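Inside the fold
This is what each chain is made of:
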Amino acid sequence: MSDRAKVALRPAIGFDAGAVAKIMRAALGSFDWMPVVHTPAEDFAFIHDVVLPRQQVTVAEAGKEIVGFIAVSGDWVEQLYLDPAWTRRGIGSRLLMDATTALPVVKLHCFQPNTGARRFYERHGFVAVSFGDGTSNEEGLPDILYVRGR
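The notes below deal with the structure included here. It should be emphasised that the depicted structure is a prediction, and the values quoted were computed from it without experimental measurement. (Residues numbered from 1 in each chain as written. Predicted model: local features only at pLDDT ≥ 70, side-chain atom pairs only at ≥ 80, totals over all residues. Heavy atoms only, no water.)

**Quick word on the pattern of salt bridges**
Per the stated rule, a full pass over the model turns up four salt bridges. Note that Glu 61 and Arg 10 form a salt bridge whose closest N and O atoms lie 3.0 Å from each other. One end of the pair, Glu 61, is in strand β2 (residues 56-62); the other, Arg 10, is in strand β1 (residues 7-11), with 51 residues separating them in the sequence. Glu 61 sits in the buried class, given a relative accessible area of 16%. Within the structure, one salt-bridge network assembled from shared partners comprises Arg 10, Asp 16 and Glu 61. (Salt bridge = Lys/Arg side-chain N within 4 Å of Asp/Glu carboxyl O. Helix = DSSP H or I, 4+ residues; strand = E, 2+ residues; numbered from the N terminus. Buried < 20%, exposed > 50% of the residue type's maximum accessible area, 1.4 Å probe, protein only.)

**Observations regarding the environment of Gly 74**
Inspection of the secondary structure assignment puts Gly 74 in the loop between β3 (65-73) and β4 (76-82). Between the C-alpha atom of Gly 74 and that of Pro 104, which follows or precedes it by 30 residues, the distance is 11 Å.

**What to know about the environment of Glu 139**
Tracing the sequence through the fold places Glu 139 in the loop between β6 (127-131) and β7 (143-149). For the pair formed by Glu 139 and His 38, sequence separation is 101 residues and the distance between their alpha carbons is 10.0 Å. When neighbours within four sequence positions are excluded, Glu 139 is seen to be in contact with Met 34, Pro 35, Val 37 and Phe 111. (Contact = heavy atoms within 4.5 Å.)

So yeah, pure geometry; function would need other evidence.
Here's what the structure looks like:
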């Protein structure tokens, strides 16, 4: 059985906050250019108190282990992270398509140094519409506004 068949998507629940926060931290920690601006406790509070109650969150689960998630608010993809050990298996594509297929327009921000994510989003039809200098995000990193329309 392929990895794709073994991974199930489901809506996140409050109990998932710890696993989701760990996935986010692991993904961010895999980039040498990403500054660490929050503690693990702050990551958990953000996921538990902001992301899960205010956004539509879908997790990707392999067996009982959460290996990725996407959070959408309106027409914005706010978060899309995978456990670094689970990248390049089609999971991110499944999460993105599942969460956004019904939306006529989808927007997201991506950090400019994240070349892998940039290629991923561009493969999925997103177009860079503006480039920021980092003054509008807490990491202070230059970013890109991507939009996918119909």
